[in-house]
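Structure assessment
Listed below, chain by chain, are the residues.
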Amino acid sequence: MQANLFDGDEPTGEAIKHSIDDALLLEYPQIVDSAEATQMFETLIANIPWQQEHLRIAGKLRAIPRLQCWMGDRTSEYGYSGVRLTPCPWHETVKVIHDRVADLSGTTFNSVLINYYRNGQDSVAWHADDESELGESPVIASVSLGAERIFELKQKHQTPAKKYKLPLRHASLLIMGGTMQQHWLHQLPKVQGLKEARINLTFRNIIAD
Ligand SMILES: O=C(O)CCC(=O)C(=O)O
Ligand SMILES: [Mn+2]
């Protein structure tokens, strides 16, 4: 049985603090009003240079089940599950979202991975954002626009692994910190029958070599 992260959590100002062991999740249910978030969602769908990335699995190139765009300062080149990504320049709307996130978190970010889940068949499999370019305990700020999807977490090293799930709503912000990437995996599973799209922006800091 999966626990729900909303059980027994206390609000901290605008944010809900979810402490799971030594990992930290801060959730801001709504960082911009819903109409503005919808406008941002539509602007991004129409204007971001979405790319279809591929992964080599057992010698065959497979399209990953979502579109992506890696955006950021020119210095932030990044590797993601074996794919090298060169950032495209900041889009105005993404900058506005960045600045809102920076205000709330007290942290600025030099890059963002933007995922476009076209419908419930798009997804991201279990992984941690634990690439060395992000440092040991990265702060990653994840903004959701569009269809609500379920974000799942499970322990990396324990058997049996504890699991949690958390709905990610339109206009919400989830900040992952502490040992989240070291000790936990996360995924966004497929949803049968879902026709609506979702965009997720994960703001990150790439540490220069
Ligand atoms: O779409 C999400 O909420 C998660 C995306 C994610 O984990 C990633 O891009 O690393
Ligand atoms: Mn991730």
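Notes on the structure follow. If you're wondering where the values come from, they're calculated on a predicted model, not measured in any experiment. (Residues numbered from 1 in each chain as written. Chains lettered and ligands numbered in written order. Predicted model: local features only at pLDDT ≥ 70, side-chain atom pairs only at ≥ 80, totals over all residues. Heavy atoms only, no water.)

1. Focus on the site of ligand 1
Around ligand 1 sit 12 residues, and of these Asn115, Tyr117, His186, Arg198 and Arg204 come closest. Asn115 has a polar side-chain atom sitting 2.8 Å from an oxygen atom of ligand 1. Note that an oxygen atom of ligand 1 is positioned 3.3 Å from one of the side-chain N or O atoms of Asn200. Contact with the protein chains removes 100% of the 290 Å² of surface that ligand 1 exposes when unbound. Most atoms of ligand 1, that is more than half of them, are within 2 Å of grid points of the largest cavity. Of the residues belonging to the shell around ligand 1, the class tally is four nonpolar, five polar and three charged. (Near = heavy atom within 4 Å. Polar contact = N/O pair within 3.5 Å; in protein donor to acceptor, adjacent residues only side chain to side chain. Areas by Shrake-Rupley, 256 points an atom, 1.4 Å probe, with all protein chains shown as cover. 1 Å grid on protein atoms, 1.4 Å probe; cavity = no way out; pocket = protein on both sides within 12 Å on 5 of 7 lines; lining within 4 Å. Sits in = over half its atoms within 2 Å of the grid points. Nonpolar A, V, L, I, M, F, W, Y, C, P; charged D, E, K, R; others polar.)

2. Considerations on the coordination of the manganese ion (ligand 2)
In this structure, His127 (NE2), Asp129 (OD), Asp129 (OD) and His186 (NE2) serve as the protein donors to the manganese ion (ligand 2), at separations of 2.1 to 2.6 Å. For the manganese ion (ligand 2), the six donor atoms in the first shell make angles of 51 to 164° at the metal, a pattern classed as irregular. Every donor residue of the manganese ion (ligand 2) comes from the same chain, spaced as H-x1-D-x56-H. (Donors = N, O, S within 2.8 Å, 3.2 Å for Na, K, Ca; no water. Tetrahedral: all angles 85-135°; square planar, octahedral: opposite > 155°, others 65-115°.)

3. Quick look at the pairing of strand S16 (residues 184-188)
By the criterion of burial, S16 is predominantly enclosed, with five of the five residues buried. Burial of the side chains of S16 extends over both faces: Trp184, His186 and Leu188 are buried on one face and Leu185 and Gln187 on the other. Inspection of the sheet shows strand S11 (residues 124-127) paired to S16 by two bridges, in the antiparallel sense. By the bridge assignment for S16, Val124 is matched with Leu188. As defined by bridge partners, strand S13 (residues 149-155) adjoins S16 across four bridges and the pair is classed as antiparallel. Its bridge partner being in S16, Lys154 is matched across the sheet by Leu185. (Buried < 20%, exposed > 50% of the residue type's maximum accessible area, 1.4 Å probe, protein only. Helix = DSSP H or I, 4+ residues; strand = E, 2+ residues; numbered from the N terminus. Pairing = 2+ DSSP bridges.)

4. Focus on the environment of Met180
Here Met180 is to be found in helix H3 (residues 180-183). You can call Met180 buried: its relative accessible area is 1%. Setting aside residues up to four positions removed in sequence, Met180 forms contacts with Ile20, Ala23, Leu24, Leu25 and Leu153. (Contact = heavy atoms within 4.5 Å.)

5. With respect to the side chain of Arg204
Along the chain, the position of Arg204 falls in strand S17 (residues 198-204). A polar contact is formed between the side chain of Arg204 and the side chain of Thr202, at a distance of 3.0 Å.

6. Topic: the packing of helix H1 (residues 34-47) against helix H2 (residues 92-105)
Running from N to C, H1 and H2 cross one another at 140°; their axes reach a closest spacing of 9 Å. Here H1 lies oblique to H2, going by the angle between them. By crossing handedness, the relation of H1 to H2 is classed as left-handed. Here Met40, Thr43 and Leu44 of H1 come into contact with H2, specifically with Thr93, Val94, Val96 and Ile97. Residue classes in the contact of H1 with H2 are distributed as five nonpolar, two polar and no charged. (Axes fitted to C-alpha atoms, helices over the stretch in contact; angles between N-to-C directions. Parallel < 35°, antiparallel > 145°, perpendicular 65-115°, else oblique. Left-handed = near helix turned anticlockwise from the far one by under 90°.)

7. Concerning H2
Given a rise of 1.5 Å per residue, 14 residues ought to cover 20 Å, and the 20 Å separating the end C-alpha atoms of H2 matches this to within 8%. Taken residue by residue, H2 has Thr93, Val94, Ile97, His98, Val101, Ala102 and Leu104 as its buried positions. Where H2 terminates, the next one or two residues include Gly106, which has phi positive at roughly 70°. (Expected span 1.5 Å × (residues − 1).)

8. What to know about the packing of aromatic side chains
Under the criterion given, the structure shown has three aromatic pairs. Judged by centre distance (5.0 Å) and plane angle (45°), the ring pair of Trp50 and Tyr116 falls under tilted. Taken together, the positions of Trp50 in the loop between H1 and strand S5 (54-57) and Tyr116 in strand S10 (residues 111-117) put the pair 66 residues apart, joining distant regions of the chain. By relative accessible area, which is 14% here, Tyr116 ends up buried. Geometrically, the ring pair formed by Tyr164 and Trp184 is tilted, given 5.7 Å between the ring centres and 45° between the ring planes. Note that Tyr164 is positioned in strand S14 (residues 163-168) and Trp184 in strand S16, a separation of 20 residues in sequence. The exposure classification of Tyr164 matches that of Trp184, with both residues buried. (Phe/Tyr/Trp six-rings, centres within 6.5 Å; stacked < 30°, edge-to-face > 60°.)

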